Amino acid sequence: GMVLGRRVDQAKVLYLALEDSERRIQDRLMKLRADAGALIDFRFDWRPLAAEGMNDLATEIDRGGYKLIVIDTISRALGRADQMNQADMNVTMGLLQRITLDRGVTTLLVDHHRKSAGFGGDVIDDVMGATSKAAVADAALGLYRERGDKDATLKITGRDIEDCEIAIGFDRELGCWQPLGDASMVKADSVQAQIMTAIEEMGGRATVKQVADWLKRERSNVYTEVQELANKGKLERMAKVGREVFYSIVDDAQEG
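Residues numbered from 1 in each chain as written. Predicted model: local features only at pLDDT ≥ 70, side-chain atom pairs only at ≥ 80, totals over all residues. Heavy atoms only, no water.

Participant: It is not clear to me how the overall build of the chain should be interpreted in this structure. Could you clarify?
Facilitator: A tally of regular secondary structure across the chain gives 9 helices and 13 strands. Each principal axis of the C-alpha atoms in the chain carries an extent, and together these give about 65 × 45 × 30 Å. Across the 256 residues in the chain, those meeting the buried criterion constitute 37%. Sequence-distant contacts, at least 24 apart, represent 54% of the contacts inside the chain between residues at least 6 apart. Accessible surface, the chain: about 15500 Å² in total, of which carbon and sulfur atoms supply 48%. Considering the chain, the positive charge centre built from 36 side chains and the negative charge centre built from 43 side chains are found 3 Å apart. (Helix = DSSP H or I, 4+ residues; strand = E, 2+ residues; numbered from the N terminus. Buried < 20%, exposed > 50% of the residue type's maximum accessible area, 1.4 Å probe, protein only. Contact = heavy atoms within 4.5 Å. Areas by Shrake-Rupley, 256 points an atom, 1.4 Å probe, with all protein chains shown as cover. Lys, Arg positive; Asp, Glu negative; His and termini not counted. Charge placed at Lys NZ, Arg CZ, Asp CG, Glu CD.)

Participant: Is there a simple way to explain the sheet that holds strand β6 (residues 106-110) in this structure?
Facilitator: By definition, the strands of a sheet pair up through backbone hydrogen bonds, in either a parallel or an antiparallel sense. The strand order β4-β3-β5-β6 describes an open sheet built from 4 strands, whose pairing is parallel. Strand pairing shows two members of the sheet lacking a second neighbour, β4 (40-43) and β6, which therefore form its edges. Geometrically, the sheet is characterised by an average inter-axis angle of 15 degrees between neighbouring strands, direction not taken into account. The pairing of strand β5 (residues 68-72) with β6 spans 5 bridges and is parallel. By the bridge assignment for β6, I69 is matched with T107. (Pairing = 2+ DSSP bridges. Axes fitted to C-alpha atoms, helices over the stretch in contact; angles between N-to-C directions.)

Participant: Can you walk me through the environment of L109 in this structure?
Facilitator: Assignment of secondary structure puts L109 in strand β6. Sequence separation of L109 and R47 is 62 residues, and the distance between their C-alpha atoms is 16 Å. Filtering out sequence-adjacent residues up to four positions away, L109 remains in contact with I71, I74, M93 and L96.

Participant: Sorry if this is basic, but what is going on with helix α6 (residues 191-201) here?
Facilitator: All of the buried residues in α6 are V191, Q192, A193, I195, M196, A198 and I199. In the stretch just after α6, G203 is the one whose phi turns positive, near 100 degrees.

Participant: How do you make sense of the nonpolar core when you look at a structure like this?
Facilitator: Burial of nonpolar side chains together is a common tendency in soluble globular proteins. Within the largest apolar cluster, 22 residues are counted, with the highest numbers of intra-cluster contacts made by L49, L57, I69, I71, I74 and L96. Those elements that place two or more of their residues in this core are β3 (13-17), α2 (49-64), β5, α3 (74-78) and α4 (86-103). At 5 residues, α2 tops the list of elements feeding residues into this core. Sequence-distant contacts of L57, that is, excluding residues within four places in its chain, are made with L14, W46, L49, I69, I71 and L96. (Core = buried A, V, L, I, M, F, W, Y, C linked by side-chain atoms within 4.5 Å.)

Participant: Any chance you could explain the pattern of salt bridges here in plain terms?
Facilitator: When the charged atoms of two side chains lie near each other, side chains of opposite charge can form a pair. Applying the stated criterion across every chain, the model contains 12 salt bridges. A salt bridge links D138 to R159; the nearest nitrogen and oxygen atoms lie 2.8 Å apart. With D138 in the loop between α5 (132-135) and β7 (139-144) and R159 in the loop between β8 (151-158) and β9 (164-171), this residue pair connects regions lying 21 residues apart in the sequence. Judged by relative accessible area, D138 falls into the partly exposed class, the value being 47%. Here the salt bridges do not stand alone but share partners, grouping D20, R24 and R28 into one network. (Salt bridge = Lys/Arg side-chain N within 4 Å of Asp/Glu carboxyl O.)

Participant: Please explain the pairing of β9 as it appears in this structure.
Facilitator: Sheet faces and side chains relate simply in a regular strand, where the side chains alternate between the two faces. In this sheet, β9 lies alongside β8 in antiparallel orientation, the contact comprising 6 bridges. Counterpart to K155 in the pairing with β9 is E165. In textbook terms, the turn of a hairpin is the stretch between consecutive antiparallel strands, and for β8 and β9 this stretch comprises 5 residues.

Participant: Teacher, can you tell me more about the sheet that holds strand β11 (residues 205-207) here?
Facilitator: Reading across the sheet, the 3 strands line up as β11-β13-β12 and stay open at both edges, with antiparallel pairing between neighbours. The two strands at the open ends of the sheet, each matched to only one other strand, are β11 and β12 (235-241). Across the sheet, the mean angle separating the axes of adjacent strands is 30 degrees when strand polarity is ignored. Relative to strand β13 (residues 244-249), β12 runs antiparallel, the two sharing 5 bridges. Bridge assignment links V241 to a residue of β13, and that residue is E244. Along the sheet face, α6 touches β11, β12 and β13 and points at about 100 degrees away from the line of β13. Against the sheet, helix α7 (residues 208-215) contacts β11 and β13, and its axis sits at roughly 90 degrees relative to β11.

Participant: Would you mind going over the packing of α2 against α4 with me for this structure?
Facilitator: It is at 11 Å that the axes of α2 and α4 come closest, and there the two elements cross at 10 degrees. It follows from the interaxial angle that α2 and α4 lie roughly parallel. Where α2 abuts α4, its residues M54, L57, A58, I61 and D62 lie against T92, L95, L96, I99 and R103. Looking at the contact of α2 with α4 residue by residue, the classes come out as 7 nonpolar, 1 polar and 2 charged. (Parallel < 35°, antiparallel > 145°, perpendicular 65-115°, else oblique. Nonpolar A, V, L, I, M, F, W, Y, C, P; charged D, E, K, R; others polar.)

The structure is reproduced here in structure tokens:
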């Protein structure tokens, strides 16, 4: 089938839905119009991975022949383990990685961000707890959405893949995220589009403070969006004039 616009092979899945109920999962499957014979098994209870749960997982993978393991969430699966302890997380995640590598399976760990970083967040740094939680991951995906915005950006980074960003929107009918295209594009109804319009109306160059005042928005939020626009190549950071930094709109011809 297709996932985020990319073709994937079918495989048997073990899903540890540790923060969901059976009724909620059933509702999701009905929205997704899932086949009754889909190759996925759900577990709603699991012993902590930092204790007996790790051996349980290895045994279950061997018994069930699974190729994809989803742990939702890793924080719940760890139990009472100290997620801020670098050494403990390094050992626990290392054991989980070894189970994955030895059996040739893919393990997707779902976790929460430590803070609301907006679109300017860092996929690795934003993982809640010790940085060693994410250190063993081959790839990390971060979902970022501004409060009140219906669309989001999926940021992807990894050892053997090229970093990329995918614009996604939530499909309420199916209850899942769908790809909207390259996140480097600025959506017409987004905060970033408002910033671009404001700078254009101010003559093509402006400071963060000027934009924030123009839009009547918090300066810190505008700053984050302006930095993201600069990363996308839509705005150019100019030399300081006194204590102020001006940003100018990048001409489309120049950008190409």
